[in-house]
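Okay, here's what each chain looks like letter by letter:
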Amino acid sequence: EAGVTQFPSHSVIEKGQTVTLRCDPISGHDNLYWYRRVMGKEIKFLLHFVKESKQDESGMPNNRFLAERTGGTYSTLKVQPAELEDSGVYFCASSRRTGSSGNTIYFGEGSWLTVV
Amino acid sequence: KQEVTQIPAALSVPEGENLVLNCSFTDSAIYNLQWFRQDPGKGLTSLLLIQSSQREQTSGRLNASLDKSSGRSTLYIAASQPGDSATYLCAVSPYPATDSWGKLQFGAGTQVVVTP
């Protein structure tokens, strides 16, 4: 079974440009999460999809960030326009949705974004 | 507001010694607590998950305890090996957790080096 895959693994863009990060969750996982870790800080929650619906987007930093999950499969996170403080690692995670609180959450290897 | 703290930030031990990693959280109203491992440039791997009603979980050489009332969890790694070198993160899930148990709040992590 394939794990959570993220693309690109690394990206360097100039301030003001647009970047789109993609996440493919594990097949059958309805829950999909985005997290990020900026330099020197803890990993922070960004948002949570249940299938194609945004369950919780309270962690999205501002309106320059747009997440979508059309069809409830893969998800994209677009940053437009990118700012220097957006540099960091963006993690995607997925899990099953069975009503149990004990399900394991699986993380991807992250998309490392550098804005110069 | 929940705050998760991990002490120490870094730890170096000789091979064979036991490792003790600490995690504290300010709000005891948690649904569960997880310990993750992160290798350099890689994603997060879930090690142990402790439900709020549990006191400890064990997996091989790993043992994690949870004292919800005092807001503490400890991860013990017995007979450390060089392959245990990684960053260890703890994360708590909020309560109530209907569909939100994957909204994790992370500590900053403890970077562990086990020397041969």
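For the structure itself, consult the block above.
The text that follows walks through the structure, step by step, so that each part is easy to find. Keep in mind the model is a prediction, meaning the values are calculated, not measured.

Here is what the cut-offs are and how they apply
Residues numbered from 1 in each chain as written. Chains lettered and ligands numbered in written order. Predicted model: local features only at pLDDT ≥ 70, side-chain atom pairs only at ≥ 80, totals over all residues. Heavy atoms only, no water. Helix = DSSP H or I, 4+ residues; strand = E, 2+ residues; numbered from the N terminus. Contact = heavy atoms within 4.5 Å. Areas by Shrake-Rupley, 256 points an atom, 1.4 Å probe, with all protein chains shown as cover. Lys, Arg positive; Asp, Glu negative; His and termini not counted. Charge placed at Lys NZ, Arg CZ, Asp CG, Glu CD. Core = buried A, V, L, I, M, F, W, Y, C linked by side-chain atoms within 4.5 Å. Buried < 20%, exposed > 50% of the residue type's maximum accessible area, 1.4 Å probe, protein only. Pairing = 2+ DSSP bridges. Disulfide = S-S within 2.5 Å. Polar contact = N/O pair within 3.5 Å; in protein donor to acceptor, adjacent residues only side chain to side chain. Buried area = accessible area lost by both parts, 1.4 Å probe. Salt bridge = Lys/Arg side-chain N within 4 Å of Asp/Glu carboxyl O. Nonpolar A, V, L, I, M, F, W, Y, C, P; charged D, E, K, R; others polar.

Let's talk about the overall build of chain A
Along chain A, the regular secondary structure elements total zero helices and eleven strands. Overall, chain A shows an N-to-C arrangement of helices and strands of β-β-β-β-β-β-β-β-β-β-β. With respect to the three principal axes, the spread of C-alpha positions in chain A is 40 × 25 × 25 Å. Counting only contacts in chain A whose residues sit at least 6 apart along the sequence, the fraction spanning at least 24 positions is 52%. Total accessible area on chain A stands at roughly 5,700 Å², and carbon and sulfur atoms take up 47% of it. Each charge class in chain A can be summarised by its mean position, and for the 13 positive and 13 negative side chains these summaries are 2 Å apart.

Thoughts on the nonpolar core
Among the nonpolar cores identified, the biggest contains 22 residues, and F25, L33, W35, L75 and Y88 of chain B are the most heavily contacted of them. When residues no more than four places from it in sequence are discounted, the contact partners of L33 of chain B are C23, F25, L48, L49, I50, L66, S73, A91 and V92 of chain B.

A closer look at the pairing of strand β11 (residues 111-115) of chain A
All names here are of chain A. On β11, burial follows the alternation: S111, L113 and V115 on one face are buried, whereas W112 and T114 on the facing-out side are not. Across four bridges, the pairing between strand β2 (residues 10-13) and β11 is parallel. Each residue of the ladder has a partner; that of S11, found in β11, is L113. The pairing of strand β9 (residues 88-95) with β11 spans three bridges and is classified as antiparallel. Bridge pairing in β11 links G88 to L113.

Considering the state of the cysteines
Throughout the structure, instances matching the rule amount to two disulfides over all chains. Across a sulfur-sulfur distance of 1.8 Å, C23 of chain A and C92 of chain A are joined as a disulfide pair. Taking the sign of the S-S torsion, about -65° here, the bridge from C23 of chain A to C92 of chain A comes out left-handed. Placement of the pair is C23 of chain A in strand β3 (residues 19-24) and C92 of chain A in strand β9, with a sequence separation of 69 residues. Side by side, C23 of chain A and C92 of chain A carry an identical accessibility label, which is buried. Between C23 of chain B and C90 of chain B runs a disulfide, and the two sulfur atoms are separated by 1.9 Å. Every disulfide takes its handedness from the sign of the S-S torsion; for C23 of chain B and C90 of chain B that torsion is 70°, giving right-handed. Placement of C23 of chain B in strand β3 (residues 19-25) and of C90 of chain B in strand β9 (residues 86-94) is noted, with a sequence separation of 67 residues between them. According to the relative accessible area criterion, C23 of chain B is buried, its value standing at 2%. Residue C90 of chain B is classed as buried on the basis of its relative accessible area, which comes to 0%.

What about the environment of S73 of chain B?
Residue and element names in this part refer to chain B. Here S73 shows up in strand β8 (residues 72-77). Each C-alpha atom, one on S73 and one on K42, is 24 Å from the other, the two residues being 31 residues apart in sequence. If sequence neighbours within four positions are ignored, S73 has contacts with L21, N22, C23, F25, L33, W35, I50, S65 and L66. At 2.7 Å, the side chain of S73 and the backbone oxygen of S65 are in polar contact.

Examining the interface of chain A and chain B
Facing the 24 residues of chain A at the interface are 21 residues of chain B. Regarding the contact of chain A and chain B, the summed buried area is about 2,000 Å², with carbon and sulfur atoms giving 52% of it. Summed over the shared surface of chain A and chain B, the result is two salt bridges. Between K42 of chain B and E109 of chain A there is a salt bridge, and its shortest N-O distance comes to 3.9 Å. Our count for the contact surface shared by chain A and chain B stands at six residue pairs in polar contact (both at pLDDT 80 or more). Counting residues per element, the ones that place at least two in the side of chain A that touches chain B are β4 (31-38), β5 (44-50), β6 (53-56) and β9 of chain A. Examining the composition of the side of chain A that touches chain B, we find that three residues originate from one element, β4 of chain A, more than from any other. Its residues assigned to classes, the side of chain A that touches chain B shows eight nonpolar, ten polar and six charged.

Take it as geometry only, folks, not as evidence of what the structure does.
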